[in-house]
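Coordinate inspection notes
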Amino acid sequence: MAILRPLKHYFDGVDLDLPESIRLFDFHRAANYLRSPAVAAALDPYMPRR
């Protein structure tokens, strides 16, 4: 999501605020967020295993 930092100023309960670069001119595509190592690590526990 594109929100000014730090996130704790906008959301209650933020424990961790990791910076991620997801391309300067193509930042609204979900694929770029999902390729981010921080996002992948956060989603990993919720992904089904084959």
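Computed from a prediction, not measured in an experiment: that's the story for all the values here. (Residues numbered from 1 in each chain as written. Predicted model: local features only at pLDDT ≥ 70, side-chain atom pairs only at ≥ 80, totals over all residues. Heavy atoms only, no water.)

1. Here's the deal with the overall build of the protein
Along the protein, the regular secondary structure elements total two helices and zero strands. The buried share among the 50 residues of the protein stands at 10%. Carbon and sulfur atoms make up 61% of the accessible area of the protein, which totals about 4800 Å². (Helix = DSSP H or I, 4+ residues; strand = E, 2+ residues; numbered from the N terminus. Buried < 20%, exposed > 50% of the residue type's maximum accessible area, 1.4 Å probe, protein only. Areas by Shrake-Rupley, 256 points an atom, 1.4 Å probe, with all protein chains shown as cover.)

2. A look at the pattern of salt bridges
Inspection of the entire model under this criterion finds one salt bridge. Residue R49 pairs with D44 through a salt bridge whose shortest N-O separation is 3.0 Å. A relative accessible area of 35% places D44 in the partly exposed class. (Salt bridge = Lys/Arg side-chain N within 4 Å of Asp/Glu carboxyl O.)

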